Amino acid sequence: MFKNYFKTAIKIAWRNLKANKFYSILNISGLAVGLATGIMLLLWVQNEFSYDKFNKQYKNIYQVNSHITLNGKSLAWRGAPAPLSTMAKNIPDVISVLRMVSDNENPSLSDKVLSNITLTKIFDNNNIVYADSNFLNFFDYKLLHGMRNAFLPNAHSVAITQSTAKKLFDTDDAIGKVVRFDKNNFTVTAVLQDFPNNSSLHYDAIFPIDYYAQQFTANGGNHGWKTIDEDVNDYSFRTFLLINSNANTSNIETKLTYLFNATRNGETPTSFRLQNLEDLHLIGIDGDNSALQMVKIMALVAILILIIASINYVNLSTARSIIRIKEVSIKKIIGAKKGQLFLQFVSETLLTFVFAFAIATALIILLKPVYDKITGEQLSFSLFDFSSLKILLTALFGTLFISSIYPALLLSSFKPLGVIRDKSFLGIKTSSFRKTLVVLQFTISFILLVGTIVMTKQMAYIKNKDLGYDKSYVFTVSFPEDAVKYSDAIETELLKQQYVSNVAFSDSKDIADITKVSGDITWQGKPDKTVLVAWRICADKNFIPTMKLHFIEGGNFTGMPSDDYKYILNETAVKAMGLKPPYVGTKIGYEKADGEIAGVIKDFNFKSLKDPIGPLVIISNGFKNVLYVRTTGAQAQQAIAAV
């Protein structure tokens, strides 16, 4: 019987939708836009919260972050010294330790070029990392070919992704094939499926950390440290701990800090903090949760948009309630029950939602490329994906419930004489209720409007913020090692072109995200037990004028061999060192060389605007394989062609 009632209700609902085309189009289009917007925002929120949770052990995997106290301020680092892994293994609650170091942490190993053995296929700008062989014991990345227990069996093995394998060998089954890297041959022992979008880690090739260690020693080590297992000043190793599920993380932090400082006789004010894998994406290493708050705000915005769409539907439905008094009255007179009428009006809403949902789905598919372009991310949307389907159904049924219940109760509960006399429902004036909904709708809209204005101003601030350098019409190109030795000739040739105003070589591909860091810095009058960890960029004499950085004292590199012993620091660095002007000529030592300060530049943002400007050292002696080219908007294409 219910089935027949439902079929009849759908037929009547379809007739009513066709009979009131304008009203139907208005309702369907309003719901479709609201659903599409709300669902897209919820899909983004769901994706942000899903980062790294595909790893089965994510709740027990922690990253070790270093916190260094300097001049009363705590600086947070995502890395830790390599010897810390040995110390961590002595803590009972630590099951396993994983070390990783990016290739760009060491200038002698900053080559990003991968090729096949015949050099017929060569690809630059690969994302490369060195890792311990237990990498897959921590992370559940899908292994397409190879064995998990023989992931990186020796120093000359390599694991590559599916895309890298196809680029180099035209097949993803590349086991046993040879990859040429850093003038050495490496045998492919594993092929991974491409890293998922919701992973905090993304690499094209994974080399053994044993190879990195060998090269470190072969290149003379770092000051007095000859192996990575001795160097307690190199904070570039990203370290993960797999711990017992019932372990006390605070105790592990305390033990790590004690064991490390004991090796330095208390000379370093370093402490270590554990950060769970699921927090890496939305919470900063310094505990900054602004990204998490933004995601929560966007989730609230999505819910409010769906509520607005529901209220809009309810208002339109109740506004037409008086028009349908005659229909309801006649049906009640001929014996229609309240339940039957309720089912009819719910069916009308359901049919409206079916059309609205179909249009909303089409809008999401059409707008996905625009979304991806604006956000720089890939929106995951598929009707066959459980996560997407869960968001779709939750948004649909939640909005449907809000939109259908009140109008259906109102219309099915009409008492014709009572409604004509006082237009009330359940003791509430229908007009008053509708006005309340309108006020609520406009209140939510006002809140969203104010939020939009604030966010627009924030974006304008970011766009117009003086970063301390001029990035307009500057592009970068990575050069292979064989070409770097001709860097002077390349610069001279390019400067002859009328559409190139300046060129420079550096080791950093992005001046807004300098990644190299070291604690091996000394200076005259350095207090005992003081550790300064400074960011570092290697650049030639053209870099500072090319990026239009400003000196507050001293001058630039000269291009002469004496530059190997000259250093240019930023304001924050000389302040952190406690130096007083004049700074030029002050003796300092950095990593392997002792020299002096040649100049001090004005602070500029070389990291995210969310991060405070840290100490920075610019050196000249090192492997510089990234070309910076300044041109103009009108001549950019010619400059790119010339390079």
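**Side note on the overall build of the protein chain**
Helix and strand counts for the protein chain come out as 18 helices and 26 strands. Taken across its 643 residues, the protein chain has 49% of its residues classed as buried. Taking as baseline every contact in the protein chain between residues at least 6 positions apart, the subset at least 24 positions apart corresponds to 76%. As presented, the protein chain carries roughly 31000 Å² of accessible surface, and 59% of it is formed by carbon and sulfur atoms.

**Concerning the sheet that holds strand β17 (residues 502-506)**
Either a parallel or an antiparallel arrangement is found when strands of a sheet pair, and the pairing is made through backbone hydrogen bonds. The strand order across the open sheet built from 3 strands is β16-β26-β17, with neighbouring strands paired in antiparallel fashion. Where the open sheet ends on each side, the last strands, each with one partner, are β16 (474-478) and β17. Averaged over neighbouring strand pairs, the angle between their axes works out to 20° when direction is ignored. When β17 meets strand β26 (residues 626-630), the two strands line up antiparallel, connected through 5 bridges. Looking at the pairing, V503 lines up with V629 of β26.

**What to know about the confidence of the model for the protein chain**
For the protein chain, the mean per-residue pLDDT works out to 81, and 80% of the residues sit at or above 70. Here residues 105-109 scores under 50 on pLDDT; set against residues more than four positions off or in separate chains, the count is 14 contacts. Predicted confidence for residues 422-428 stays below pLDDT 50, and this span has 15 contacts to residues more than four positions away or in other chains.

**A look at the environment of L494**
As for its position among the elements, L494 is in helix α15 (residues 487-495). Residues L494 and V629, 135 residues apart in the sequence, show an inter-C-alpha distance of 8.9 Å.

**A look at a nonpolar patch on the surface**
Taken together, the side chains of L366, L367, V370 and I374 present a nonpolar region at the surface, about 420 Å² in accessible area. Along the chain, L367 falls in helix α10 (residues 338-375). Judged by its relative accessible area of 39%, L367 falls in the partly exposed class.

**Remarks on the pattern of salt bridges**
For the coordinates displayed, the defined rule picks out 11 salt bridges. Between K121 and D170 there is a salt bridge; the shortest N-O distance is 2.5 Å. With K121 in the loop between β4 (114-116) and β5 (122-123) and D170 in the loop between α5 (162-169) and β9 (178-181), this residue pair connects regions lying 49 residues apart in the sequence. For K587, the salt bridge identified is with E596, shortest N-O distance 3.2 Å. Residue class for K587 comes out partly exposed when judged on its relative accessible area of 43%. Residues participating in the shared-partner salt-bridge network are R99, D132 and D229.

**Here's the deal with the packing of aromatic side chains**
Under the definition given, this model contains 25 aromatic pairs. With centroids separated by 4.4 Å and ring planes inclined at 25°, the aromatic side chains of F181 and F207 adopt a geometry described as stacked. In this pair, F181 is assigned in strand β9 and F207 in strand β11 (residues 205-208), connecting sequence segments 26 residues apart. The class for F181 is buried, based on a relative accessible area of 1%. Summarising the aromatic geometry, the rings of F479 and F505 are spaced 5.5 Å apart at their centres and angled 75° between planes, so their arrangement reads as edge-to-face. Pair noted here: F479 is in the loop between β16 and α14 (481-484) and F505 is in strand β17, with a separation of 26 residues, a long-range link. Side by side, F479 and F505 carry an identical accessibility label, which is buried. Site record: aromatic cluster; members linked through ring pairs are F54, F135, F138, F139, Y141, F151, F195, Y203 and F240.

**Section: the side chain of N116**
Relative to the helices and strands, N116 is located in strand β4. N116 sits in the buried class, given a relative accessible area of 7%. One polar contact links the side chain of N116 to the main-chain amide nitrogen of L119, over a distance of 2.9 Å.

**Focus: the pairing of strand β3 (residues 94-102)**
In terms of burial, β3 is largely enclosed, as 8 of its 9 residues are buried. Summarising the sheet, β3 and strand β12 (residues 238-243) pair through 6 bridges and their orientation is antiparallel. Following the sheet pairing, V94 is matched in β12 by I243. Across 3 bridges, β3 lies against strand β6 (residues 128-131) in antiparallel orientation. Opposite S102, over in β6, you have V129 as the bridge partner.

**Quick notes on the nonpolar core**
One recurring pattern in soluble globular proteins is that nonpolar side chains are buried together. Membership of the largest hydrophobic core comes to 45 residues, with the highest contact counts inside it found for L241, I252, L256, F543 and I618. Core analysis: the second largest hydrophobic core is formed by 32 residues, A32, L282, L292 and I305 among them.

**Remarks on the pairing of β17**
A regular strand places its side chains so that they alternate between the two faces of the sheet. With 5 of its 5 residues buried, β17 lies for the most part within the structure. Residue alternation in β17 divides its side chains into two sets, N502, A504 and S506 and V503 and F505, and both sets are buried.

**Notes on the side chain of R238**
One can find R238 in strand β12. Among buried Asp, Glu, Lys and Arg side chains, R238 stands out as unpaired, with D52 the closest opposite charge at 7.2 Å. Each residue touching R238, except ones within four places of it in the same chain, is listed here: Q63, R78, L98, R99, M100, L201, Y203 and L280.

**So, helix α7 (residues 249-263)**
Spanning 15 residues, α7 covers 22 Å between terminal C-alpha atoms, matching the ideal 21 Å at 1.5 Å per step. Every buried residue belonging to α7 is among I252, E253, L256, T257, F260 and N261, and all of these are buried. Considered in projection along α7, the buried side chains sweep an arc of 150° and stay on one side of the axis. Among the exposed residues of α7, those pointing more than 90 degrees away from its buried face are T254 and Y258. Near the N-terminus of α7, the side chain that reaches the backbone nitrogen of S250, with its oxygen 2.9 Å away, is that of N248.

**Overview of unusual backbone geometry**
Residue P582 is reached from P581 by a cis peptide bond, and omega for that bond is -5°. On the secondary structure map, P582 appears in the loop between α17 (571-576) and β23 (587-590). In the Ramachandran plot, L119 falls in the positive-phi region, its phi being about 60° despite a non-glycine side chain. Following the sequence through the fold, L119 ends up in the loop between β4 and β5. Classification of L119 as partly exposed rests on a relative accessible area of 48%.

What counts and what doesn't
Think of each chain on its own: its residues are numbered from 1, step by step along the sequence as written. Selection of residues for local features in this predicted model requires a pLDDT of at least 70, selection of side-chain atom pairs for listing and counting requires 80 or more, and totals for whole chains, interfaces and linings are taken over all residues. Note that water and hydrogens are dropped before the side-chain values are worked out from all heavy atoms of the structure. What counts as a helix is a DSSP run of H or I of at least four residues, what counts as a strand is a run of E of at least two, and both are numbered from the N terminus. A simple rule labels every residue: compare its accessible area, found with a 1.4 Å probe on the protein chains alone, to the largest value its type can have, and call it buried under 20%, exposed over 50%, or partly exposed in between. We call two residues in contact whenever any of their non-hydrogen atoms come within 4.5 Å of each other. Computed with the Shrake-Rupley method and a 1.4 Å probe, the accessible areas treat only the protein chains shown as cover for residues. For two strands to be treated as a pair, DSSP must find at least two bridges joining them. Every axis corresponds to a line fitted to the C-alpha atoms, with the helix fit spanning only the stretch in contact, and the corresponding angles, defined between N-to-C directions, vary from 0 to 180 degrees. Confidence scores here are pLDDT values: one per residue, from the predictor, ranging 0 to 100. Patch members must show over 30% relative accessible area and no salt bridge, and they are joined within 9 Å when carrying like charges or within 5 Å when they are nonpolar side chains of Val, Leu, Ile, Met, Phe, Trp or Tyr. Each salt bridge in this description consists of a side-chain nitrogen of Lys or Arg and a carboxyl oxygen of Asp or Glu lying within 4 Å of one another. Paired rings are identified among Phe, Tyr and Trp, the last through its six-membered ring, by centres lying within 6.5 Å, and are further divided according to the angle between planes into stacked (under 30 degrees), edge-to-face (over 60) and tilted (the rest). Here a polar contact is taken to be a pair of N or O atoms separated by no more than 3.5 Å, where protein atoms must pair a possible hydrogen donor with a possible acceptor and residues adjacent in sequence count only if both atoms sit in side chains. In this description, a nonpolar core means a group of buried Ala, Val, Leu, Ile, Met, Phe, Trp, Tyr and Cys residues linked to one another through side-chain atoms lying within 4.5 Å. The charged-residue count follows a simple rule in which Lys and Arg add positive charge and Asp and Glu add negative charge, with His and chain termini not counted at all. Given a helix with a known number of residues, its expected span is that number minus one, times 1.5 Å. In this description, the arc belongs to the directions extending from the helix axis to the C-beta atoms.

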